[in-house]
Amino acid sequence: MTLQRRAEKKVAIALLSVFFLFAGLQIVSAAASEPIDQMKGSVDAILRIVRDHKPELNGELAASFRQQIIDLVYDRFDFRAMSQLALARNWKTISAPEQDHFVFLFAKLLENTYYDRINSYSGEEVIFKEQQKKDDKAMVSSVVVKNNTETPVVYKLRNKNDKWLVYDVIIEGVSLVRNYRTQFDSIIEKEKYPGLVKRLEDKIANKEAAK
Amino acid sequence: MRKLFNISAPRSIAFLLTLVVFNLVTVPGLMAVEDDTFDDEWATDEFVAQIPENNGGMVDPLEPLNRVFFTFNDRLYFWVLKPVATGYKAVFADEDVRTCFSNAFHNILAPVRFVNNLLQGKIVGAGHELASFVINSTLGIAGLADPAHHEFGLVASDEDLGQTLGSYGVGNGFYICWPFLGPSSLRDTVGTVGDSFLDPLAHLTMSGQSVGYALQGAKQVNKVSLHIGEYEQFKEASFDPYVAVRNAYAQHRHSRVIDEVDAASGYGVSKKKDGSQDKEARSVEDVRELSLEKTGQQAIPEVFVENVQSGYFVLVGVFRDPSNVEQQKERLTRVGKGGVVTRYHRADYSFYGIEVPGGDDFLAAKQTEQDLRMAGFQETMVVWH
């Protein structure tokens, strides 16, 4: 193949990817209204990155892909609402800057947890099944299929400016937010709020140290 | 980790049955079945009101003892079960083979599920179980394969006596963490004991035959080998694993009793309140095709953290108001540190973080953090981009 032919091919590929990108954008905007489509869009985009790039580096994702995945997560999850619900009655007892700080910490923790899950991906299939909508809330149910096991995962979402954002994830009937709420409650009871912050910081620091 | 061995002593059965009668009389409906479709916590205008937390209806008077057994089970997992299962996994490297064993263990418990479906008046579920059992025991070669599901589209309707009792309004009683068996409740313990009469493996174990123990052990090891790493991840994400497991158990069993999980995954006999049951629930195959159809390229959002260099940073604070950012930067300058401002974008808002570069490795960053704390910056943390 001559150099020129090669260059032509490259241009063609570039044009094609641009085309697909726009086609993709159109799909996104057309489907933007339904919570199930928005949720599926995010999950599919994340899985695509993992499927396309995981085999490259002995099954470990490169740092640049980590950022892409994390961005997609932050684009769909309402960590502020999750923090608020997880702290429940304790949320109002802390100051606004403390709230912001807490949201940052809790999001970081969930980000790490989620990324671990993604990184241990081994060919599971995610199937979105149905949605229920009521005013500005929605529940989207999905199953994660691996071999013969189906794990039901339900997302609870809230509508904010036509964007459906996740405020709870329910895996096999276990709500993430409620699970953390009982733990946070028991920690705050024993160690007060600063104790909880310390625990969050320590956990995150351990994780960051491992990078 | 649950159910390593079934309880066998008849005396303990009698004791537990006395307890359940007591439980029926005094604490029915401790775990109130509420309409949980949409969280009521959002119903209030400021959506975090006083939310009563009751561990999902699970009281825990035995906590000190339970914690001992929890630690015991935890050690058992890390010191015995996991190493054994890892070795076993190396022998039966093909996951399909282990899935077949798991199918077979699942298949012989069909009588338990059949009876409990009937006890809950779930005729369809019982029919599915019966048909699956017949098909899988014959065509599926003693249950090793699952043609009932894959070829005939029959889905398991996973009911046990604990759920049956729950559907009759029997409360959990209280939380019990059994050694070897793991998390349970008074009600579910009674259920497990009752179900064991229909469990061929339990019969072998109860009659004292070593093959019974061997098979129970094999069942558990096989199961663990298919789920290595899951308990670890769960534990890592939690602050008090004991409380996390207890709450997860309560929530999970609650959802099983009210069949939330069945409804959500579109199988079993769904009990949706609005009567629109199964209208939208599509079969797994349908949806699989659908999702393949819709999968196109999609735009990835632009980088959500601005002004970022790579490496470790010490985050000094997060602010939504830019004027606070300037104040904080001045404070940093006074103690001789330079901060960079990073803008973090979230789904519906963004905020600023002030970060002091912390060098290439974590320990150096930790040292920088220490210096900053000495200088009066308390809410710091090390981050990595």
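Residues numbered from 1 in each chain as written. Chains lettered and ligands numbered in written order. Predicted model: local features only at pLDDT ≥ 70, side-chain atom pairs only at ≥ 80, totals over all residues. Heavy atoms only, no water.

Details of the overall build of chain A
Put simply, the rule reads: Secondary structure elements are taken from DSSP: a helix is a run of H or I of four residues or more, a strand is a run of E of two residues or more, and numbering for both begins at the N terminus. Any residue under 20% of the maximum accessible area for its type is buried, any over 50% is exposed, and the rest in between are partly exposed; the area is computed with a 1.4 Å probe on protein chains only. Contacts are assigned to residue pairs with any non-hydrogen atoms lying within 4.5 Å of each other. Only the protein chains shown count as cover for residues, and the accessible areas themselves come from Shrake-Rupley with a 1.4 Å probe.
In terms of helices and strands, chain A carries six helices and five strands. Its helices and strands taken in sequence order, chain A reads α-α-α-α-α-β-β-β-β-β-α from the N to the C terminus. Put simply, chain A has 211 residues, and 55% of those count as buried. Considering only residue pairs separated by 6 or more positions, chain A has 53% of its internal contacts joining residues 24 or more positions apart. Taken as a whole, chain A presents about 9500 Å² of accessible surface, with 57% of it coming from carbon and sulfur.

Focus: the nonpolar core
Definition in use: Here the nonpolar core consists of buried residues drawn from Ala, Val, Leu, Ile, Met, Phe, Trp, Tyr and Cys, with membership extended through side-chain atoms lying within 4.5 Å.
Membership of the largest hydrophobic core comes to 64 residues, with the highest contact counts inside it found for A:Phe79, A:Leu87, A:Phe106, A:Tyr155, A:Tyr180 and A:Phe184. Counting residues in each nonpolar core, the second largest holds 16 residues, with B:Phe70, B:Tyr242, B:Val245 and B:Ala250 among its members.

Concerning a nonpolar patch on the surface
Residues and elements named next belong to chain B. Our working rule: In this analysis, a patch consists of residues with relative accessible area above 30% that form no salt bridge, clustered at 9 Å for like charges and at 5 Å for the nonpolar side chains Val, Leu, Ile, Met, Phe, Trp and Tyr. When a carboxyl oxygen of Asp or Glu is within 4 Å of a side-chain nitrogen of Lys or Arg, the pair counts as a salt bridge.
A surface patch of nonpolar side chains, about 440 Å² in accessible area, is lined by Val115, Leu119, Tyr168, Phe197 and Leu198. On the secondary structure map, Val115 appears in helix H4 (residues 110–119). The partly exposed category is assigned to Val115, whose relative accessible area is 30%.

What to know about the packing of aromatic side chains
All names here are of chain A. Defined as follows: Note on aromatic pairs: the rings of Phe, Tyr and Trp (six-membered ring only in Trp) are paired at centre separations within 6.5 Å, and the planes decide the class, stacked below 30 degrees, edge-to-face beyond 60, tilted for the rest.
With the rule as written, the count across this model stands at 21 aromatic pairs over all chains. Ring centres of Phe106 and Phe184 lie 5.5 Å apart, and the angle between their planes is 70°; this geometry places the pair in the edge-to-face category. Placement of Phe106 in helix H5 (residues 96–119) and of Phe184 in helix H6 (residues 176–209) is noted, with a sequence separation of 78 residues between them. Classification of Phe106 by relative accessible area gives buried; the value is 1%. Judged by its relative accessible area of 0%, Phe184 falls in the buried class.

Observations concerning the packing of helix H2 (residues 35–53) of chain A against helix H3 (residues 63–76) of chain A
A pair of packed helices is captured by two measures, namely the crossing angle of their axes and the spacing between those axes. Residue and element names in this part refer to chain A. Just so we agree on the cut-off: Here, axes are lines fitted to C-alpha atoms. For helices the fit covers the stretch in contact, and angles between N-to-C directions go from 0 to 180 degrees. Here the angle decides the label: under 35 degrees means roughly parallel, over 145 means roughly antiparallel, 65 to 115 means roughly perpendicular, and every other value means oblique. Gly is placed with the polar residues, together with every amino acid not listed as nonpolar (Ala, Val, Leu, Ile, Met, Phe, Trp, Tyr, Cys and Pro) or charged (Asp, Glu, Lys and Arg).
Contact pair H2 / H3: the axes reach a minimum separation of 10 Å and the direction vectors enclose 170°. On the basis of their axis angle, the class for H2 and H3 is roughly antiparallel. Residue-level contacts link Gln38, Met39, Ser42, Ala45, Ile46, Ile49, Val50 and His53 of H2 to Phe65, Gln68, Ile69, Leu72, Val73 and Arg76 of H3. Across the contact of H2 with H3, the residue classes tally to nine nonpolar, four polar and one charged.

Considering the confidence of the model for chain B
Residue and element names in this part refer to chain B. The condition is simple: As a per-residue measure, pLDDT tells how confident the predictor is, with possible values from 0 to 100.
Per-residue confidence for chain B gives a mean pLDDT of 72; residues scoring 70 or more make up 70%. Ranking the elements of chain B by mean pLDDT puts helix H14 (residues 284–294) last with 33 and strand E1 (residues 175–178) first with 94. Confidence drops under pLDDT 50 across residues 1–55; counting only partners more than four residues distant or on other chains, this segment forms 124 contacts. Within the model, pLDDT remains below 50 along residues 261–306, and this stretch shows 87 contacts once partners closer than five positions in the same chain are excluded. Our summary of model confidence lists the complex with pTM equal to 0.69 and ipTM equal to 0.76.

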